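Okay, here's what each chain looks like letter by letter:
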Amino acid sequence: MAEKNSIWPFLDAKTKLPSERVRVFLSIFAVLMVLVAYVLDYHGDGNEMLYRTYATQDKDTIDGVFIGNSSINRSWVAPIAWNECGITFFSLSSGNQPIVLATDIIEAAKEKQDIKYAVIDIHPIRTTTYYTAYSPSIRRVADNMPRFSPIRWDIISKGLKYYEESYKEIDREDKYNDNVKGKEYSFYFRFFQYHSRWSELDIEDFRKPVNEYKSAYTEPIFYTQTEFEERYPFETQAGGLSDSQKKVLQNIIDYANDNKFPILFISVPTNMEEADQKELLEAFEIIEGQKSEYVDCINFNNQEMYDTLGINVETDFYDNDHLNYLGAPKLTKYLAHFIQDKYSIKDKRGDNKYSSWDEAYEKYIERREDVLERIENKDIIFDKYGNVILGDD
């Protein structure tokens, strides 16, 4: 009787290792799984484009990063800062971004670029955002990091711990239990979170677009204006931060000093209620008391800074928390000059290595003029919540 080629259908008779046929099959299967995971991934808003775009920037062309939630995401217009001063600061902010992840985001940014500075907007320290995180707040950051990066796993671990502990503090453990408990594995192995997205796939899932404006926000709502239903007066008394909030802030301050890494803490103009303002004022008192070569701060939420920037509350916001296309450039230009002067950052305009920044500025201006014209002609129409119901691409 002829000797069989293998003692088991999948093993080679001589080596007792998987046969060549099996090895080929496993290789093909692995490639297919990678491709499937690439397509069935995080896709819900523009946040994923920021991290993807940052990763594609030419090596050692980014001076620093902005970190925070949607307030700074709208307020920092990187192409305008470039055109004004020739500095390259990229926004890695995202909606409802937990402030506990700030130092990990800086470390992740360092892996791709030789950044020297960070600007952190501390709006996420206030109770209304600190104690209202939800799982997408963590996923927007973690799911856009390299899959097997130790920083990504640290972000998930830290994010889940923060999520659980913050809700315990306000006796809302039920929210954590309903949304996360028992599903922690899906943060580490994101295929389990997104494997059912087949019916939602669109062209962007395959081509993975990047942000053409060096992280600047250009959604149609940004080009609208609103008058506040209630304009909250500026507060002067500080207080209200919990021990947990103070600890998170102190950890970031310590990171700056321990790593000799300059961090500028700010709060961009927003229309905040009394309690929120008091909490931010307390946070600034803590920072002011520990100013150093590596720690500094600017609070833009007071009348003096509104006057300095030229902020007009009737025209420069599109809602309570966000500056619009008129207000954001005012903040950006002031900050760009402040950052450049404080850190003695070289003006890189005219250097061919940075020509993509000139292109981004031109595209940003074109986008602004195009959207404004389409809104005026009613080719773009919004519902009462600011969502586009007609127009835009």
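Here the structure is a predicted model, which means the values were calculated and not measured.

Visitor: Got a minute to help me understand the sheet that holds strand β2 (residues 89-91) in this structure?
Guide: The pairing of strands in a sheet comes from backbone hydrogen bonds and takes either a parallel or an antiparallel form. Taking strand neighbours across the sheet as the criterion, the 5 strands line up as β2-β1-β3-β4-β5 in an open arrangement whose pairing is parallel. Of all the strands in the sheet, just β2 and β5 (295-299) have a single pairing partner and so form its edges. The mean angle between the axes of side-by-side strands here comes to 20°, regardless of whether they run parallel or antiparallel. As judged from the 4 bridges shared by strand β1 (residues 64-67) and strand β3 (residues 117-121), these two strands associate in the parallel manner. Paired with V65 across the strands is A118, a residue of β3. Sheet strands in contact with helix α16 (residues 327-343) are β1, β2, β3, β4 (263-267) and β5, and its direction is about 155° off that of β4.

Visitor: Can you help me understand the nonpolar core in this one?
Guide: Generally speaking, a soluble globular protein has its nonpolar side chains buried in company with each other. Core analysis: the largest hydrophobic core is formed by 101 residues, its most contacted members being W76, I263, F265, I266, L335 and I339. It is helix α8 (residues 150-169) that provides the largest number of residues to this core, a total of 7 residues. The residues contacting I266, other than those within four sequence positions of it, are F66, I72, V119, I120, D121, I122, F284, I298, F300 and L335.

Visitor: Can you help me understand the pattern of salt bridges in this one?
Guide: Note on pairing: side chains with opposite charge can pair once their charged atoms come close. Taken as a whole and judged by the stated rule, the model has 19 salt bridges. Between K110 and E107 there is a salt bridge; the shortest N-O distance is 3.4 Å. With K110 and E107 both in helix α5 (residues 102-112) and 3 residues apart, the pair spans about one turn of that helix. Residue K110 is classed as partly exposed on the basis of its relative accessible area, which comes to 30%.

Visitor: What is the right way to look at unusual backbone geometry in this model?
Guide: In terms of backbone geometry, most residues other than glycine have negative phi values and most peptide bonds are trans. Of note, K214 is a non-glycine position whose phi angle comes to about 55°, a positive value. Residue placement: K214 occurs in the loop between α12 (203-207) and α13 (243-258). Residue S215 is not a glycine yet carries a positive backbone phi of 90°. Mapped onto the elements, S215 comes out in the loop between α12 and α13.

Visitor: Sorry if this is basic, but what is going on with the pairing of β5 here?
Guide: On a regular strand, each side chain points to the face opposite its neighbour's, so the side chains alternate between the two faces of the sheet. In terms of burial, β5 is a largely internal element, 5 of the 5 residues being buried. Neither face of β5 is open: one carries V295, C297 and N299, the other D296 and I298, and all of them are buried. Pairing of β4 with β5, which is carried by 5 bridges, proceeds in the parallel orientation. Note on β5: the bridge partner recorded for I266 is I298. A crossover connection joins β4 to the parallel β5 through helix α14 (residues 274-288); in handedness this β-α-β unit is right-handed.

Calculation criteria
Residues numbered from 1 in each chain as written. Predicted model: local features only at pLDDT ≥ 70, side-chain atom pairs only at ≥ 80, totals over all residues. Heavy atoms only, no water. Pairing = 2+ DSSP bridges. Helix = DSSP H or I, 4+ residues; strand = E, 2+ residues; numbered from the N terminus. Axes fitted to C-alpha atoms, helices over the stretch in contact; angles between N-to-C directions. Contact = heavy atoms within 4.5 Å. Core = buried A, V, L, I, M, F, W, Y, C linked by side-chain atoms within 4.5 Å. Buried < 20%, exposed > 50% of the residue type's maximum accessible area, 1.4 Å probe, protein only. Salt bridge = Lys/Arg side-chain N within 4 Å of Asp/Glu carboxyl O. Right-handed = clockwise from strand over helix to strand, strands pointing away.

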